[in-house]
Amino acid sequence: MKIAVCISQVPDTATRIKIGSDHKSIDPNGVTYIINPYDEFAIEEALKTKEKIGGDSIVYVISVGDDSVKETLRKALAMGADEAVLLKSSSAKDSIGIAKALAEEIKSLGCELVFCGKQSVDYDSGITGQLIAEMLDYNCVSVVVDFKLEGNKITAEREIEGGREVVETELPAVITAQKGLNEPRYASLKGIMAAKKKIIAEKPAVDSSSFTEILDMHLPPSKQPGRILGTDKSAVPELVRLLREEAKVI
Amino acid sequence: MKKFSGVDYFNIETLYTDEERMIRDTVREFVENEIIPIIEEYNRKSEFPVHLVSKMAELGLFGPTLPSKYGCAELNNVAYGLIMQELERGDSGIRSFASVQSALVMYPIFTFGSEEQKDFWLPKLATGEKIGCFGLTEPDYGSNPGGMITRAEKVEDGYLLNGAKMWITNGTIADVAVVWAKLDGVVRGFLVEKNTKGFTAPEMKGKHSLKASVTSELIFDNVLIPESNLLPKTEGLKNALMCLNQARYGIAWGVVGAMMACYDTALNYAKSRVQFSKPIAAYQLTQEKLVYMLTEITKAQLLNLQLGRLKDKGLLKFTQVSMAKRNNCEKALEIARMSREILGANGILDEYPVMRHSANLESVKTYEGTHEMHTLIIGEDITGFPAFD
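Considerations on the overall build of chain A
And then number 1: Helix and strand counts for chain A stand at 6 helices and 11 strands.
And then number 2: Over its C-alpha atoms, taken along the principal directions, chain A stretches across nearly 75 × 45 × 40 Å.
And then number 3: For chain A, the residues scored as buried account for 42% of the 250 residues in total.
And then number 4: Long-range contacts, defined here as pairs at least 24 residues apart, represent 70% of the contacts in chain A between residues at least 6 apart.
And then number 5: With the model as given, the accessible surface of chain A reaches about 14000 Å², and the carbon-plus-sulfur share is 51%.
And then number 6: Averaging the positions of the 32 positive and the 39 negative side-chain charges in chain A gives two centres separated by 4 Å.

Structure, rendered in structure tokens:
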């Protein structure tokens, strides 16, 4: 079986983001990129699925972006994915544009099972997996925390508000991964050396017009410094007054 | 706390290959997730975190430069050095475990062992199924191993081993000991397996240093070693010293990890600790310490990189390893002590890693050739006069 994992590279969560001079993108200087953490769960689940079903299954990792994404793809190969595809695009795409490019590639590779992270932690749209499923007419289970594949049948547990639900569906399908699905493996040293010899195929991403346009990007307002009214109970009346009259929360 | 992102003032990053960087980052992440959160607790109770063995093996940290047919990753020596560096940012004791397994057990079996010994032991040592130790030092013979008392005597079924070794990392938990003993006056290597009659390995207690690592005595009382457990290609003390040279190479890299941990801790602390009206980082005396630390780290990093590149080209001289081991250990210990000074009283708590590193480095400066012995090794090399027998 052919399994696809769609991955995205995102700024390291410890990075302090600066807005670019165009006010529509982030300033890439000094930003280190990592695999989107939810995509790591997707990679792990694809590898576990491959190990379980055995045979001549192939795990492809696919990403849309520029040359800088190669390092992230290489890391996925080091974890154990078999082949990588970089769909090259120099201009920024919105979620639909990215989903379209990924869906086209999944179709041409003939992958029946697709794993994605439930969202990327940079733009947080959280819809790419579902869009791919719609475009390919595949089944889709999102925000998955437990996944089983028996033959053609999928049993997946997903997080819902205040609880969990178990759903059944069948291949072909897109699964979006939530934290808790598994514990992603480290890329082993042997894996890193083996990844050197694996192929990263480069193709142009299909062109598509964006449905949305970024008008402006700005940082959240900086936090106001706190005010200390006092350190003992004599400060309480003033605190209550301010909460009532200034903050208007009580 | 801010995530550790390395110390690299001279953009040395660009001198590593993509694989070397990826390997370092993987081990760094492993150390961040698996070692740093638990190490103070194990250090406090003087216990080796034995559960890390299988995890380190899974990552491929044992014998990583050896051929893939034994299950190893076939890395170059710079990558190996970076592994040691990252492990020691966690703890010198954990790095010591990996050093011993790789450089002092797998290396001699690979280099001096028979095909049968290699095929049997190396894959098991790589997966951590078996743990090894290395017995050279004796209670009365440290810097002068040639004086060793441990003897092997040829008997009908093999060799009879008598004597004792001391300061043996991993000794008590080891399944196999690479033991050096004199056979007809010539130092040879033997594989002594756990539970062999007459062989005991009591743990040495009361250490103030390398507390998260097992240190033992090895006692041999008429231990019968089968013929097949002699390392056939050993032919003198120089073979044991070749092993030490491997281990010293790893130490030169490893201590840079400890330096980075101490510097990073001191820098972050100094920037946030306010005394009088400003952070202590704003005072000239603190800045001088931080600049000294960073400068020494940068020098050690460049020394190591060239050392590794020479080793990969087969051009490395053992005296160069001595220089790197000697310099880097001394500077690491200085940096650890300086970091403790910047942290003031907080520096003595195990809420911070610096006192643990400082205590560990007291051992690291001494083991695998004391500072003094490395001085004399280099001294002899440049003057032609040996200052010791």
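Some points on the packing of aromatic side chains
And then number 1: A full pass over the atoms with the stated rule returns 16 aromatic pairs over all chains.
And then number 2: With centroids separated by 5.5 Å and ring planes inclined at 70 degrees, the aromatic side chains of Tyr186(A) and Phe30(B) adopt a geometry described as edge-to-face. Remark: Phe30(B) occurs in helix 1 (residues 18-44) and Tyr186(A) occurs in the loop between strand 10 (173-177) and helix 5 (189-195); the pair is interchain, linking two chains.
And then number 3: Note on Tyr186(A): relative accessible area 23%, which makes it partly exposed.
And then number 4: Classification of Phe30(B) as buried rests on a relative accessible area of 1%.
And then number 5: Sitting over the face of the ring of Phe110(B), Lys118(B) holds its NZ or CZ atom 5.2 Å from the ring centroid.
And then number 6: Sitting over the face of the ring of Phe120(B), Lys124(B) holds its NZ or CZ atom 3.9 Å from the ring centroid.

Quick look at the pattern of salt bridges
And then number 1: Counted by the stated rule, this structure contains 41 salt bridges over all chains.
And then number 2: Of the charged contacts, one joins Lys203(A) and Glu105(A) as a salt bridge, the two residues approaching to 2.7 Å between their closest N and O atoms. Linking Lys203(A) in strand 11 (residues 200-204) with Glu105(A) in helix 3 (residues 95-109), this pair joins segments that are 98 residues apart in sequence.
And then number 3: Its salt-bridge partner being Lys331(B), residue Glu334(B) comes within 3.4 Å of it at the nearest N-O pair. Note that Glu334(B) and Lys331(B) are positioned in helix 8 (residues 318-343) at a spacing of 3 residues, about one turn of the helix.
And then number 4: One network of salt bridges, in which partners are shared, links Glu13(B), Asp18(B), Arg21(B), Arg24(B) and Asp25(B).

Details of the interface of chain B and chain A
And then number 1: Taken together, the contacts link 21 residues of chain B with 13 residues of chain A.
And then number 2: Approximately 1400 Å² of surface area, both sides summed, lies buried where chain B meets chain A, with 68% of it carried by carbon and sulfur atoms.
And then number 3: By the criterion of area lost to chain A, the three top residues of chain B are Glu19(B), Met22(B) and Leu59(B), representing 37% of everything that side buries.
And then number 4: Connecting chain B to chain A are 1 salt bridge.
And then number 5: Joining chain B to chain A, the criterion identifies 4 residue pairs in polar contact (both at pLDDT 80 or more).
And then number 6: Elements that contribute at least two residues to the side of chain B that touches chain A include exactly helix 1 and helix 2 (52-59) of chain B.
And then number 7: With 9 residues, the top contributor of residues to the side of chain B that touches chain A is helix 1 of chain B.

Quick look at the sheet that holds strand 10 of chain A
Residue and element names in this part refer to chain A.
And then number 1: If you walk across this open sheet you meet the 9 strands as 9-8-7-10-6-1-4-5-11, and the pairing is mixed. The open sheet has two free edges, formed respectively by strand 9 (163-170) and strand 11, since each of these has just one partner strand. Neighbouring strand axes in the sheet, compared pairwise and without regard to direction, differ in orientation by 30 degrees on average.
And then number 2: Here 6 bridges tie strand 7 (residues 139-150) to strand 8 (residues 153-160), and the two strands are oriented antiparallel to one another.

Notes on the confidence of the model for chain B
And then number 1: The pLDDT averaged across chain B works out to 97; a share of 99% of its residues lies at or above 70.
And then number 2: Both scores are given for the predicted complex: the pTM is 0.89, the ipTM 0.87.

Observations concerning helix 10 (residues 371-383) of chain B
All names here are of chain B.
And then number 1: Helix length check: helix 10 (13 residues) gives 18 Å between terminal C-alpha atoms against 18 Å at 1.5 Å per residue, within 8%.
And then number 2: Taken together, the buried positions of helix 10 are His-371, Met-373, His-374, Ile-377 and Ile-378.
And then number 3: Residues of helix 10 that are buried make contact with helix 6 (237-272), helix 8 and helix 9 (354-366).
And then number 4: The positive-phi residue at the C-terminal boundary of helix 10 is Gly-384, with phi of around 85 degrees.

Side note on the pairing of strand 4 (residues 58-65) of chain A
Residues and elements named next belong to chain A.
And then number 1: With respect to burial, strand 4 is a largely interior element, 7 of its 8 residues being buried.
And then number 2: Looking at chain direction, strand 4 and strand 5 (residues 83-88) are connected through 6 bridges and run parallel. The partner of Gly-65 across the bridge, within strand 5, is Lys-88.
And then number 3: Running through helix 2 (residues 70-79), the crossover from strand 4 to the neighbouring parallel element strand 5 is right-handed.

Conventions used here
Residues numbered from 1 in each chain as written. Chains lettered and ligands numbered in written order. Predicted model: local features only at pLDDT ≥ 70, side-chain atom pairs only at ≥ 80, totals over all residues. Heavy atoms only, no water. Helix = DSSP H or I, 4+ residues; strand = E, 2+ residues; numbered from the N terminus. Buried < 20%, exposed > 50% of the residue type's maximum accessible area, 1.4 Å probe, protein only. Contact = heavy atoms within 4.5 Å. Areas by Shrake-Rupley, 256 points an atom, 1.4 Å probe, with all protein chains shown as cover. Lys, Arg positive; Asp, Glu negative; His and termini not counted. Charge placed at Lys NZ, Arg CZ, Asp CG, Glu CD. Phe/Tyr/Trp six-rings, centres within 6.5 Å; stacked < 30°, edge-to-face > 60°. Lys NZ or Arg CZ within 6 Å of the ring centre and 35° of its normal. Salt bridge = Lys/Arg side-chain N within 4 Å of Asp/Glu carboxyl O. Buried area = accessible area lost by both parts, 1.4 Å probe. Polar contact = N/O pair within 3.5 Å; in protein donor to acceptor, adjacent residues only side chain to side chain. Pairing = 2+ DSSP bridges. Axes fitted to C-alpha atoms, helices over the stretch in contact; angles between N-to-C directions. pLDDT = per-residue confidence, 0-100. Expected span 1.5 Å × (residues − 1). Right-handed = clockwise from strand over helix to strand, strands pointing away.

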